[in-house]
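Secondary and tertiary structure notes
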Amino acid sequence: MRQIDATHDPGLTSWVGSANRPGSDFPLQNLPFAVFRRAGSREPLRCGVGIGDEILDLTMLGAAARGDGEVAEALAACAAPALNELMALGPGAARALRHWLSRRLRAGAGQTEALAAALVAQSQAELALPARIGDYTDFYTSIHHATAVGRLFRPEQPLLPNYRWVPIAYHGRASSIGVSGQQVRRPHGQLMPRGAERPQLRASERLDYELELGVLIGAGNALGEPIPIERAEAHVFGLCLLNDWSARDVQAWEYQPLGPFLAKNFATTISPWVVTLEALAPFRVPWRRSEEDPAPLAYLDSPALRELGAIDITLEVALESAAMRAHAVAPVRMAQAGFRDSYWSIAQMVAHHTVNGCNLQPGDLLGTGTQSGPRPEQAGSLLELTAGGTRAVSLPGGEQRLFLADGDRVILSAWCERPGFARIGFGQAAGTVVAAD
Ligand code: CA
């Protein structure tokens, strides 16, 4: 479990002025990682850190870190076109780099010339996928989402009996994961229209979003060696936003008996910024279970989990239709949910994923599953928000939605706030639906 330390001091400000603006997602206390190059250039992709409205190019700092072995090693890993090499070094490297950057980016720091010369405006940068994602697994950690969706698909038994014991997941598809800005073509699929006698192949009419967090794995484990829950978070590099686009009509017809397949694997959009577990240390909260629920099996339980195993992150999904965009109407919030309400924690996801000896690798992505809160308006998908496509929601300008329309732009965001600490944010994961072929 990462500790609160000098890098979280709310009194710290930066000589990068935009980092001190109230409401900035990237104050000095955050320092999220990304992979970038100057927009329109043929420069190699490389690793950077967000500070205010800028990206600090980590490949230009080697000389400044000479003599500090751990930091120099971390910076050398950042010359790669993805964060995998840095992730593979484990939490010590990210922590050392965080402390080094925090000291040099704070107001009053000396010898800032090398860092100032390494700043690139985010508005002039092209952000890429933060990691080479070898494998992608999507969990189902919100019991509120699982119950609401289960009620629609199986009214007689909304929550299956294994849910309270097993952190449910399926293996997703890594090849179709894109970064914020992704254009998502409406997929075709096999579906069974209501009342029809045989299925048809046609464009999905029930395209949906899912409001999730992504967990990016740091150091991996060897095949055959499970990661115990006490050490699970040492294998996590950080978190991003994740939109698990879903074709509900395809899903309803195909999902039994093996779970999601083509309803999910046509596109997944993640944010370019990875917020580290170090940055999230001030926002840890106890992980709790209600009295009626069974205690987890021993391999999914630990004193540290119960003390501070959850993280208080607010997630939001907003929508902007093509008409709203044409009339310069701001995106409208569809829902907010809290990751602290998640039934399973990040450490439990990692411990469970590896309990059979399955090996995780640096850059692997674990989705948390749709995060929905206990109240109906906290639904992290349209499927829940519109009660299975039966109750339309209104957009500014009078448009209505049961599911997504062509031209709709879906924007996920998230942030952490706590009295006595600086607010930090995750940036955005946005994607736009384009018409089927
Ligand atoms: Ca999902």
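Structure: above.
The structure contained in this document is the topic of the report that follows.

Calculation criteria
- Residues numbered from 1 in each chain as written.
- Predicted model: local features only at pLDDT ≥ 70, side-chain atom pairs only at ≥ 80, totals over all residues.
- Heavy atoms only, no water.
- Pairing = 2+ DSSP bridges.
- Helix = DSSP H or I, 4+ residues; strand = E, 2+ residues; numbered from the N terminus.
- Axes fitted to C-alpha atoms, helices over the stretch in contact; angles between N-to-C directions.
- Donors = N, O, S within 2.8 Å, 3.2 Å for Na, K, Ca; no water.
- Buried < 20%, exposed > 50% of the residue type's maximum accessible area, 1.4 Å probe, protein only.
- Arc of directions from axis to C-beta.
- Contact = heavy atoms within 4.5 Å.

What follows is about the sheet that holds strand 9 (residues 182–185). A sheet is described by the order of its strands in space; here five strands give the open sequence 9-26-25-20-21, paired in mixed fashion. Where the open sheet ends on each side, the last strands, each with one partner, are strand 9 and strand 21 (332–338). The sheet shows a mean angle of 20 degrees between the axes of neighbouring strands, taken without regard to direction. Of the strand pairs in this sheet, strand 25 (residues 409–416) and strand 26 (residues 424–434) are connected by seven bridges, and their pairing is antiparallel.

Moving on: unusual backbone geometry. Following Q256, the chain continues to P257 via a peptide bond in cis, the omega torsion being 5 degrees. Summarising the element assignment, P257 is placed in the loop between helix 6 (248–254) and strand 16 (268–270). A positive phi angle is found at L31, which is not glycine, with a value near 55 degrees. Among the structural elements, L31 can be located in the segment before strand 1 (33–38). Its identity as a non-glycine residue notwithstanding, A328 has a phi of 55 degrees, on the positive side. Relative to the elements of secondary structure, A328 occurs in the loop between helix 8 (322–326) and strand 21.

Now for the coordination of the calcium ion. Tetrahedral coordination by four donors sets the ideal angle at the metal to 109.5 degrees; octahedral coordination by six donors sets it to 90 or 180 degrees. At the metal site, the calcium ion is ligated by D138 (OD), E210 (OE), E212 (OE) and D244 (OD), and these contacts range over 2.2 to 2.3 Å. For the calcium ion, the donor residues sit on a single chain with the sequence spacing D-x71-E-x1-E-x31-D. Highlighted residues: D138 in strand 6 (residues 136–139) and D244 in the loop between strand 14 (236–243) and strand 15 (246–247), separated in sequence by 106 residues. Both residues of the pair, D138 and D244, count as buried.

Turning next to the sheet that holds strand 5 (residues 125–128). With antiparallel pairing, the five strands of this open sheet are ordered in space as 4-3-2-1-5. Both edges of this open sheet fall to strand 4 (119–121) and strand 5, since each of them pairs with a single strand only. Here the strands of the sheet are splayed against their neighbours by 50 degrees on average, with no regard to which way each runs. Sheet topology note: the strand 2 (residues 46–51)/strand 3 (residues 54–57) ladder contains four bridges and is antiparallel. Residue pairing in the sheet places G48 in a bridge with D57 of strand 3.

Right, let's get into helix 1 (residues 69–77). Within the span of helix 1, buried status applies to V71, A74, L75 and A77. Here the buried residues of helix 1 occupy an arc of 155 degrees about the axis, which is enough to place them on one side. Helix 1 presents G69 and A76 as exposed residues on the side facing more than 90 degrees away from its buried surface. Summarising the contacts, the buried residues of helix 1 are in contact with helix 2 (84–88) and helix 3 (91–105).

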